[in-house]
Amino acid sequence: MSETITPFGVGAIVDIRGESLIAPDTSWWDKKRTLEISCERLLARLGAGVLRQAPSHAGTAGKDTAALLYWRFPAWRFCERCSKLSQLTGKKKGKWSNTCECEGHLVPMRYIAICEEGSHAQDIPWFTWAHRGREAGTDESVRFCRSYKELRFERLSKRGEGLSSLRVKCYGCGHARSLAELVTKGALHRDGIRCAGRQPWEPEGAVKNPCDHQLVAVQRGATGNYIADRISALDIPEERPHSADVADKIRGHVYFEKIVADNGGPQAHMVAEWLATELGVTKETVLAVAAGDHTADDDMLLDLKDGEWAAFLKKLEGGRDRTGSDFVVDGWGPDAASGPESLVRRIAGVGQVRRVREVIALRGFRRRSAESALIRADLGPDQKRHPVYPAIELFGEGIFLRFAEDELAQWETQPSVQARAGILVKRRADTPWASRLDVPEPRYVALHTLSHLLIRRLAFASGYASASLQERIYANSDRQDKTAGILIYTAAGDAQGTLGGLVRLGQPQKLIPLIISALDDADVCSNDPVCIESDRQGSSHLNLSACHGCSLVSETSCETGNRLLDRQLVLGGGNVHGLLETVLPEVRQTNDAG
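Before going into details, it helps to say that this report is about the structure given with it. What you see is a predicted model, and the numbers here were worked out from it, not measured in a lab.

### Structural notes on the overall build of the chain
Scanning the chain from terminus to terminus reveals 16 helices and 23 strands. C-alpha extents for the chain along the principal axes are approximately 90 × 60 × 55 Å. In the chain, 68% of the contacts between residues at least 6 apart in sequence involve partners at least 24 apart. Total accessible area on the chain is roughly 28700 Å²; 49% of this is exposed by carbon and sulfur atoms. The averaged location of the 78 negative side-chain charges in the chain is 10 Å from the averaged location of its 76 positive side-chain charges.

What follows is the structure, encoded as structure tokens:
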């Protein structure tokens, strides 16, 4: 079921049994046969709409079995026997046939046209394209040819194995063009082929505004043809953030109105200091509440994480969790005897997440690049009032780590640490599509990298493959409630969830040694010294000292697609002090002394 979200969700091209199909938007779904999924937290952030799971069945499919519609795309195919190129589709004995008139099998064309920025896709009009070009032989008889059934897709063995050996030829006028001409820059634009401004399954009347972006010929199976935009939320009893409770106490104080009335004057500062002392907060917090600066951030993912963070903190305080809900977490705090002091004092709490429900929804997709326009998952008449989002629910287990805020705050104020993270901050700002990634402040990069190191180590000890483990990073110092934590979890799409192989490793006597082993694994990379000294790795150079030999995991496991990683901010290196750089020396010194 997860494949209906990605990689074969709405708008994706699916190759199956020699045919090429594309999944239309959810307005084509039979709503009576789709299961509605409930997740109030996620819907509150998405706005109006409903979450629905694609229809499913067990056993052999029959005539009345619930299913999804698919469009044949590209419509142009060639016969592997006679090489005839056409959009032929017909029925034989009441069933759709994918065979040519000569009984040869029809094979979909390799290339399609993608809009550069509008995320539109369409067939290449092969007949039109075959009769265009700048050759001297492209005369009137070629341009006005009407031999629609004489088009052939051929391969010339004498020209090698490249695109120059593949050509489309019209046997009516004799004109032929090599596919090498198709992939040059601006080729389709020069031939007068324009973007239709719609998706392959949409009717022509669905186009309200013409698309002025140029078309690019790309291979049908290229990964850039479909970039899913999905969002996930943990289905938890969302708690109020601590900052909201503090703000209520400040507003309810008898002297609060005096601070507001003085509007930042000397009396406001004096009274704010009284309130701060009485309530145990800072004067700046009181003044900020009086000035109305506590506004909600409109970032959807950060907003979801705030509620999750507050819920995890409440669970950690409760110790053993005896509730029978879909969110069960046993909390404990490490003691001095459970591991090296330099590691234990940085961990404020650990949660063994015995059961958690995750809901993943597909918001839409992009084509060609992450900077292209977002196409919504519902393109029907109700797309604004009551859209339908494809969604799935998963049940699983995990380990939650909370880090000590005072230790992190002290570490990340160091100039060398700020300068190191500042490299990624600048690159994120210089890359337009990267604005959708988290801000790579020092704590985020360090905890994100540590999460990857733990996933790699847990894959050996938990019984799960690393691709089955996922992360959720809570690391932001600009929010009202500063966050500093990691959730590593695994989830399955059935009601029972998983079998406890991960959550048992959250016990004190097992987790601390696992963290030490993860740090030891990353201390020396097989690509060192090149890797540890690097500050320019990964997609768009959004990684520093991180490569496949030490820190990278499956992209489906990572929140940011293996970006914003750096070993130096965890283990130190050069002039940079790592967050956990003293852990391994302390362990080795203890072992030597023993």
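Moving on, there is more to tell.
### Remarks on the sheet that holds strand 6 (residues 77–79)
Strands sit in the order 7-6-10 across an open sheet of three strands; the sheet is antiparallel. Edge positions in the sheet fall to strand 7 (85–86) and strand 10 (106–108), since each has one partner strand and no second. Sheet analysis places strand 6 next to strand 10, joined by three bridges and oriented antiparallel. Paired with Arg 77 across the bridge in strand 10 is Pro 108.

### What to know about the packing of aromatic side chains
Scanning the model with the defined rule gives eleven aromatic pairs in all. A ring pair is formed by Phe 312 and Phe 400, whose centres lie 4.3 Å apart and whose planes are at 5°; its orientation type is stacked. With Phe 312 in helix 9 (residues 300–318) and Phe 400 in strand 21 (residues 388–403), this pair connects stretches of sequence that are 88 residues apart. Of the residues examined, Phe 312 reaches a relative accessible area of 0% and is grouped as buried. With relative accessibility at 0%, the residue Phe 400 sits in the buried group. An aromatic cluster is defined as three or more aromatic residues linked by ring pairs; in this entry it consists of Trp 309, Phe 312, Phe 327, Phe 400 and Tyr 474. Arg 152 extends its terminal NZ or CZ atom over the ring of Tyr 171, reaching a point 6.0 Å from the ring centre. Sitting over the ring of Tyr 171, Lys 169 keeps its end group 4.8 Å from the ring centre.

### Topic: the packing of helix 13 (residues 442–461) against helix 14 (residues 508–523)
Packed helix pairs are characterised by how far apart their axes lie and by the angle those axes make with each other. At their nearest, the axes of helix 13 and helix 14 sit 9 Å apart, and the two run at 110° to each other. In terms of axis orientation, helix 13 runs roughly perpendicular to helix 14. Contact residues: Leu 450, Leu 453, Leu 454, Arg 457, Leu 458 and Ala 461 in helix 13; Leu 514, Ile 515, Ser 517, Ala 518, Leu 519, Asp 521 and Ala 522 in helix 14. Its residues assigned to classes, the contact of helix 13 with helix 14 shows ten nonpolar, one polar and two charged.

About the criteria used
- Residues numbered from 1 in each chain as written.
- Predicted model: local features only at pLDDT ≥ 70, side-chain atom pairs only at ≥ 80, totals over all residues.
- Heavy atoms only, no water.
- Helix = DSSP H or I, 4+ residues; strand = E, 2+ residues; numbered from the N terminus.
- Contact = heavy atoms within 4.5 Å.
- Areas by Shrake-Rupley, 256 points an atom, 1.4 Å probe, with all protein chains shown as cover.
- Lys, Arg positive; Asp, Glu negative; His and termini not counted.
- Charge placed at Lys NZ, Arg CZ, Asp CG, Glu CD.
- Pairing = 2+ DSSP bridges.
- Phe/Tyr/Trp six-rings, centres within 6.5 Å; stacked < 30°, edge-to-face > 60°.
- Buried < 20%, exposed > 50% of the residue type's maximum accessible area, 1.4 Å probe, protein only.
- Lys NZ or Arg CZ within 6 Å of the ring centre and 35° of its normal.
- Axes fitted to C-alpha atoms, helices over the stretch in contact; angles between N-to-C directions.
- Parallel < 35°, antiparallel > 145°, perpendicular 65-115°, else oblique.
- Nonpolar A, V, L, I, M, F, W, Y, C, P; charged D, E, K, R; others polar.

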